[in-house]
Amino acid sequence: MVPLATDSRHSIESARRALAARLQAAGIEEPGLDARLLVGAAVELDLTAMVTQAARRLTPDEAARLEGYAQRRLAHEPVARILGAREFWGLPFRLSEATLVPRPDTETVVELALEIFREFRVSGRRPRIADIGTGSGAILLALLHEIPEAFGVGTDVSLTALNTARDNAATLGLSGRAAFVACSYAAALQGPFDLIVSNPPYIPSAEIPKLNIEVREHDPHLALDGGNDGYDAYRILIPQAAELLAAGGALIVEAGQGQARNIETLMGAAALSVDRPAKADLGGILRAVSARKMPP
Ligand code: SAM
Ligand code: GLN
């Protein structure tokens, strides 16, 4: 029989192993990693301290807290939601019910934006970046962290998400270079921008009920739902971005699986130049799609 994680006779190490076994038995995808993160949060220790204190017994409070986390994870709530936090680009981000959990795949958008940015020089003024549908602020704040001379603005229709993004900017020491604006896509922005980035909602509406329970019951549908064919957001934001880009500036967007080619077509139709191939994520999916605004 698998021992219960609530048992305060458990040591940190045996609690971790017991929880991993319960999560595995329940078919949770990464039981070992999840158990380590949840035990670490319950005992408020980082990985190193968990190793050096492996034999220490849980206090009754810690055991109760851990069992609460375990029940939530067994009901398929993602670890990031339970902890209210997730790392992106090696930086800590707080989450709220209105923000998508930032995905490792989205780091491909940051990588491509940096590759493009490093090829062109913005002279005479500070580089300006816009992130459309900023959520937790993940993409914008990662870019501002990497480009210390840049100024950025993030938009969202969710005021709760914008508050979370603003808090994340403060925690990362980026408040002085980041502004957050409530509007639909880029409607309230004034250019010119050197980089415009976006991970918009792109799941076709009818696909949402078929997503993993972790996503469909815990990520906000406003962050996922791309309309009938999944392209509603791109149809609006690509022409807006074409207007707002500086000559030579670039638009970089995230694509869902199989969407890259159609997004490139929409970019071309907005008179943007698709001058480099889409960049694949670690799973081999073409994830980041870009186009430039050519000088007149
Ligand atoms: N950029 C974040 C990231 O990559 O983790 C969040 C991306 S999430 C897929 C899409 C975001 O777009 C959500 O935060 C959602 O609230 C926002 N959004 C949805 N419709 C919008 C609209 N009409 N205008 C602006 N933002 C919108
Ligand atoms: N990548 C997310 C998922 O697969 C979707 C995010 C989005 O719609 N932009 O669940």
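Residues numbered from 1 in each chain as written. Chains lettered and ligands numbered in written order. Predicted model: local features only at pLDDT ≥ 70, side-chain atom pairs only at ≥ 80, totals over all residues. Heavy atoms only, no water.

**Student:** Where do I start with the overall build of the protein chain in this structure?
**Tutor:** In terms of regular secondary structure, the protein chain is built from eleven helices and nine strands. By the burial criterion, 51% of the 296 residues in the protein chain qualify as buried. For the protein chain, the share of sequence-separated contacts (at least 6 apart) that also reach a separation of at least 24 residues comes to 67%. For the protein chain, the computed accessible surface area is about 13600 Å², with 53% contributed by carbon and sulfur atoms. The distance from the centre of the 30 positive side-chain charges to the centre of the 36 negative ones in the protein chain is 2 Å. (Helix = DSSP H or I, 4+ residues; strand = E, 2+ residues; numbered from the N terminus. Buried < 20%, exposed > 50% of the residue type's maximum accessible area, 1.4 Å probe, protein only. Contact = heavy atoms within 4.5 Å. Areas by Shrake-Rupley, 256 points an atom, 1.4 Å probe, with all protein chains shown as cover. Lys, Arg positive; Asp, Glu negative; His and termini not counted. Charge placed at Lys NZ, Arg CZ, Asp CG, Glu CD.)

**Student:** Teacher, can you tell me more about the UniProt feature "domain: Release factor glutamine methyltransferase N-terminal" (unreviewed entry) in the protein chain here?
**Tutor:** In the UniProt entry, the feature "domain: Release factor glutamine methyltransferase N-terminal" (unreviewed entry) is given for residues 15-84. When the span residues 15-84 is considered, its composition is 71% helix and 0% strand, and the gap between its end C-alpha atoms is 22 Å. (UniProt positions renumbered as here; feature names shortened; annotations may be inferred.)

**Student:** What is the right way to look at the pattern of salt bridges in this model?
**Tutor:** Should their charged atoms come close, side chains of opposite charge can pair. Applying the stated criterion across every chain yields a total of 20 salt bridges. Across the salt bridge formed by Glu13 and Arg17, the nearest N and O atoms sit 3.2 Å from each other. Of this pair, Glu13 and Arg17 both sit in helix 1 (residues 12-25), four residues apart, which is roughly one turn of that helix. Among the salt bridges present, the one from Glu146 reaches Arg118, with a minimum N-O distance of 3.8 Å. Placement of Glu146 in helix 7 (residues 138-146) and of Arg118 in helix 6 (residues 107-119) is noted, with a sequence separation of 28 residues between them. For Arg118, a relative accessible area of 53% puts it in the exposed group. If you follow the salt bridges from partner to partner, you end up with Glu13, Arg16 and Arg17 in one network. (Salt bridge = Lys/Arg side-chain N within 4 Å of Asp/Glu carboxyl O.)

**Student:** Can you help me understand the sheet that holds strand 4 (residues 151-156) in this one?
**Tutor:** Strand-to-strand pairing in sheets goes through backbone hydrogen bonds, with the strands running parallel or antiparallel. On the basis of which strands lie adjacent, the open sheet formed by seven strands has the order 5-4-3-6-7-9-8 and mixed pairing. Both outer strands of the open sheet, strand 5 (178-182) and strand 8 (279-280), are each paired with one neighbouring strand and no more. Sitting on the sheet, helix 10 (residues 232-244) is in contact with strand 3 (128-132), strand 6 (193-198) and strand 7 (245-254), with an inclination near 155° to strand 7. Docked against the sheet, helix 11 (residues 260-269) engages strand 7 and strand 9 (286-292), running at close to 15° with respect to strand 9. (Pairing = 2+ DSSP bridges. Axes fitted to C-alpha atoms, helices over the stretch in contact; angles between N-to-C directions.)

**Student:** Explanation requested: the site of ligand 2 in the structure shown.
**Tutor:** Taken together, Arg103, Asn199, Pro200, Pro201, Tyr202, Ile203, Val215, Ala223, Leu224 and Glu254 make up all the residues around ligand 2. Contact distances for ligand 2 include 2.6 Å between a nitrogen atom and a backbone N or O atom of Pro200. In the model, a nitrogen atom of ligand 2 is placed 3.0 Å from a nitrogen or oxygen of the Tyr202 side chain. Across the complex, the protein chains shield 86% of the 300 Å² of accessible surface that ligand 2 would expose by itself. A breakdown of the residues in the shell around ligand 2 according to their chemical character gives seven nonpolar, one polar and two charged. (Near = heavy atom within 4 Å. Polar contact = N/O pair within 3.5 Å; in protein donor to acceptor, adjacent residues only side chain to side chain. Nonpolar A, V, L, I, M, F, W, Y, C, P; charged D, E, K, R; others polar.)

**Student:** Can you walk me through the UniProt feature "binding site: S-adenosyl-L-methionine" (unreviewed entry) in the protein chain in this structure?
**Tutor:** Residues annotated by UniProt as "binding site: S-adenosyl-L-methionine" (unreviewed entry) correspond here to Gly133, Thr134, Gly135, Ser136, Gly137, Asp156 and Asn199. Taken along the chain, the residues just named run across 67 residues; in space they keep tight, none of their C-alpha pairs more than 11.5 Å apart. If we ignore the near neighbours within four places in the chain, the residues touching Thr134 are Leu140, Gly154, Thr155, Asp156, Leu162, Ala165 and Phe180. Among the structural elements, Gly137 can be located in the loop between strand 3 and helix 7. With near-sequence residues (within four places) excluded, Gly137 lies in contact with Phe93 and Ala165.

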